[in-house]
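So you can see what is in the structure, the chains are spelled out below.
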Amino acid sequence: MVVGGERVWTSACACGGGCVPLFFFDHTFPTPPHPKPVDPDAGADAVVAAHAAGINFFDTSPFYGATKSETVLGGGLRRLRRDDYVLATKVGRYGADEFDFSRARVAASVVDSMRRLGVDRLDVVHCHDVEFAADLGAVVTEALPVLADLKRQGVVRAVGVTGYPLPTLQRVLDAAPAGSVDVVLSYCHGCLADRSLAPVAKKWAAAGLGVINASPLSMGLLTARGPPDWHPAPPHLKAACARAAAAAAAAGVDISALALRDSLALDGVASHLVGCGSTAIVAANVDAALAALRPPSEAEAAAAAAVEGVLAPVRGTTWPSGLPQNA
Ligand code: NAD
C-alpha cells in the first residue's frame, strides 16, 4: 500500500480492532454496548501473536469499544518495534449516533488516540463512516485539512475515508482537494456475497489510492456461526448465507476460508481487514490466507461451486447506511 507517498508493505490479511478480536468487543458496532470482561494482558498477547503470525497492519477507532480497542491494542503494540507494524485509527465517529468531523474534535481526537495507543505517529487516520456526517462538506473542509496539517508535521503518514455506500465514498473523493486522501476503506463490498468493490477498487488503485477491503466475512454473514443479531442485512440475504455455510460444510470446507480466498483474489486491494475474535481465529485466517496462495483442493472447488449456486442470486444485496442526504 502506498502510505504518505511511500510504498509500505502491509500483510494482505490484517487485523481489525473493531470486532475486537483481541480487544474486547464482539463486533464492530457496539450497539448496544456489550462489553465483555476485559483482560488487557490477553488482548496484548493476542496482538503480539497476530504480529508473530505475519500480520503487520492493525486497524482501530476510538469508536470501537468506546476507546477500549485502542487502549488494549496499544498494550500489545508497546511490545513491538514501532517500525514493524502499520497502524490505522479513525476520527469523526465516537458512538452509535455520535459523529463530529469538526476541526477541533478531529485535532483532539488524534492526540487522544496516540496517547491510548502509546505512539507518537500514526500511519493512517481515516474519517470514520462519512455517510453519517450531518454535513458531508465538513469532512472535506474541516477534517481533511486538519489531517493534512498533521501530515505535513509528520504526525500522520496517510489520510483515509471509510464508509459503507460506495457512491458516498466517491462523493468525498470527488470533493476532496487532490492529494488530500491517500487511502479508502470500504467494507462488506469485497466479499463472496457482494463483489461490487471489484471495479471500484481497480479504479481507485489506478488513481493512486490505497484500497482497504474490510469485513471480508461481511461482518459475520460468511461464518459458520452466522451474523450477530444487530447485523443490518435483509433476512433473505442472511438466510442465503446460512444455506451457503451449510453447503460449504457439507463439502467439508469452512465458509470463512472460502470467503477469504474469494476476497484475496480481488484486484486493486492493498489489504483485507478481517475481524479476529480470538487468537484461534487469527491463526485460522492466517492459514486460510496462506492456503489461498495455492490452487483450490477438490473439496474447496466443490464447496465453491455449491456456494456459488446459493449466493449468485443474492450477490450484491446491500442495506441502507447513513443519512439520506449523503446517499
Ligand atoms: P469480518 O467480516 O472479517 O469478521 C466478522 C466476524 O467474523 C468477526 O466477529 C470475527 O470474529 C468472525 N470471524 C473472523 N474470522 C473467522 C473465521 N475464520 N471463522 C469464524 N469466524 C470468524 O470483519 P469485521 O469484524 O466486520 O471487520 C474487520 C475490521 O475491519 C474491523 O474490526 C474494523 O477494524 C474494520 N472495519 C471498519 C469499518 C469502517 O471503518 N467503517 C467497517 C467494518 C470493519
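Structure: see above.
Now for a look at the structure at hand.

Here is what the cut-offs are and how they apply
- Residues numbered from 1 in each chain as written.
- Predicted model: local features only at pLDDT ≥ 70, side-chain atom pairs only at ≥ 80, totals over all residues.
- Heavy atoms only, no water.
- Axes fitted to C-alpha atoms, helices over the stretch in contact; angles between N-to-C directions.
- Helix = DSSP H or I, 4+ residues; strand = E, 2+ residues; numbered from the N terminus.
- Parallel < 35°, antiparallel > 145°, perpendicular 65-115°, else oblique.
- Contact = heavy atoms within 4.5 Å.
- Nonpolar A, V, L, I, M, F, W, Y, C, P; charged D, E, K, R; others polar.
- Phe/Tyr/Trp six-rings, centres within 6.5 Å; stacked < 30°, edge-to-face > 60°.
- Buried < 20%, exposed > 50% of the residue type's maximum accessible area, 1.4 Å probe, protein only.
- Pairing = 2+ DSSP bridges.
- Right-handed = clockwise from strand over helix to strand, strands pointing away.

**Quick look at the packing of helix H8 (residues 255-264) against helix H10 (residues 298-311)**
Between H8 and H10, the least distance of the axes is 11 Å, while the angle of their chain directions is 85°. Compared by their axis directions, H8 and H10 come out roughly perpendicular. Of H10, the residues touching H8 (which contributes Ile255, Leu258 and Arg261) are Glu300, Ala303, Ala304 and Val307. Grouping the amino acids of the contact of H8 with H10 by side-chain chemistry returns five nonpolar, no polar and two charged.

**Regarding the packing of aromatic side chains**
This model, assessed by the stated rule, comprises four aromatic pairs. A ring pair is formed by Phe99 and Phe132, whose centres lie 5.1 Å apart and whose planes are at 10°; its orientation type is stacked. One end of the pair, Phe99, is in strand E7 (residues 98-99); the other, Phe132, is in the loop between strand E8 (122-127) and helix H4 (136-152), and 33 residues separate them in sequence. Owing to a relative accessible area of 21%, Phe99 belongs among the partly exposed residues under this scheme. The partly exposed category is assigned to Phe132, whose relative accessible area is 22%. Taken together, the ring pairs in this structure connect Tyr164, Tyr187 and Trp319 into an aromatic cluster.

**Some remarks on the environment of Val146**
Its place among the elements puts Val146 in helix H4. Judged by relative accessible area, Val146 falls into the buried class, the value being 10%. If near-sequence neighbours (up to four positions away) are discounted, Val146 is found in contact with Arg103, Val106 and Ala107.

**So, unusual backbone geometry**
The phi dihedral of Ala66 falls on the positive side, at around 50°, and the residue is not glycine. Within the secondary structure, Ala66 sits in the loop between strand E4 (57-59) and helix H2 (68-77). Note on Ala66: relative accessible area 54%, which makes it exposed. Despite not being glycine, Thr67 has its phi angle at roughly 85°, a positive value. Topologically, Thr67 is positioned in the loop between E4 and H2. Owing to a relative accessible area of 26%, Thr67 belongs among the partly exposed residues under this scheme.

**Overview of the pairing of strand E5 (residues 86-91)**
Judged by how many residues are buried, E5 sits mostly within the fold: six of six residues are covered. Where burial is concerned, the two faces of E5 agree: the one with Val86, Ala88 and Lys90 and the one with Leu87, Thr89 and Val91 are both buried. With three bridges joining them, E4 and E5 adopt parallel strand pairing. Bridge pairing in E5 places Phe57 opposite Val86. With respect to chirality, the unit in which E4 leads through H2 into the neighbouring parallel E5 is right-handed. In the sheet, E5 pairs with E8 via four bridges, with the strands oriented parallel. Among the inter-strand pairings, Val91 is bridged to a residue of E8, identified as Cys127.

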